[in-house]
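Observations on the model geometry
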Amino acid sequence: MDELLADTRRERDEYLDLAKRTKADFENFRKRMAAEVQAAAVRGKGELLRDVVPVLDDLERAIQAAGLDPEGDSEDGLSHGVLLVFRSLRETLGRNGVEAVDPTGEKFDPQMHEALSTQPADGVESGVVVETMQKGYRLGEQLIRPARVVVSE
């Protein structure tokens, strides 16, 4: 009888250990899947933003070509509408964590900037961004598009 009881306890302990390991494995799997889903959502958002950011650039260029102030107003209905769409898109992107990167005056960083050319600049040390040709954008730490810049020689 004692031997049967010892075998039953050993078997119980084995099943309990197996249940604990299975529970831990499932918890690890759940955490890993949650992290992968979140990472996929961030990647998907980044891919969408790569397509939307040029639209914001185009609106900004249209506003500049019309000689309008992006923060101002216009009497013309079409110009006023373009200004509203531009501001709305910019604010929507901002609410979703997208920020513009204008690195003029900063040290050139090949991870964040794309150098289009270099030029001599008086009073500026070599390797400093002297002009931003096209703003860059990032979503948190994820670079959506590098800033296109001119760097001092």
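In case you missed it, the structure is sitting above this.
The following refers to the structure shown. (Residues numbered from 1 in each chain as written. Predicted model: local features only at pLDDT ≥ 70, side-chain atom pairs only at ≥ 80, totals over all residues. Heavy atoms only, no water.)

The subject of this paragraph is the overall build of the chain. Within the chain one finds two helices and six strands. What you see in the chain, going N to C, is helices and strands ordered as α-α-β-β-β-β-β-β. Computed over its C-alpha atoms, the radius of gyration of the chain comes to 28 Å, more than 25% above the 15 Å expected for a compact globule of 153 residues. Its C-alpha atoms put the chain at 95 × 45 × 20 Å along the principal axes. Split into buried and exposed, the 153 residues of the chain put 24% on the buried side. Sequence-distant contacts, at least 24 apart, represent 58% of the contacts inside the chain between residues at least 6 apart. Counting every atom, the chain has about 10700 Å² of accessible surface; 54% of that belongs to carbon and sulfur. Counting 21 positive and 31 negative side-chain charges, the chain places the centres of these two groups 8 Å from one another. (Helix = DSSP H or I, 4+ residues; strand = E, 2+ residues; numbered from the N terminus. Rg over C-alpha atoms; globule rule 2.2 N^0.38 Å. Buried < 20%, exposed > 50% of the residue type's maximum accessible area, 1.4 Å probe, protein only. Contact = heavy atoms within 4.5 Å. Areas by Shrake-Rupley, 256 points an atom, 1.4 Å probe, with all protein chains shown as cover. Lys, Arg positive; Asp, Glu negative; His and termini not counted. Charge placed at Lys NZ, Arg CZ, Asp CG, Glu CD.)

Bringing the side chain of Glu 60 into the picture now. Counting through the fold element by element, Glu 60 comes out in helix 1 (residues 2–65). Residue Glu 60 is classed as buried on the basis of its relative accessible area, which comes to 16%. Setting aside residues up to four positions removed in sequence, Glu 60 forms contacts with Phe 86 and Lys 135.

Once that is clear, we can look at helix 1. Relative to the 94 Å expected for 64 residues at 1.5 Å per residue, helix 1 spans 94 Å between its end C-alpha atoms, a close match to the ideal helical length. A bend of about 30 degrees at Arg 50 is the largest found in helix 1, and the proline Pro 54 appears one to four places after it. Each element contacted by the buried residues of helix 1 is listed here: helix 2 (77–95), strand 1 (98–101), strand 3 (129–134), strand 4 (136–139) and strand 5 (142–145). Count one or two residues on from helix 1 and you reach Gly 67, which has phi positive near 75 degrees. (Expected span 1.5 Å × (residues − 1). Bend = angle between axes of the 7 residues up to and from the residue.)

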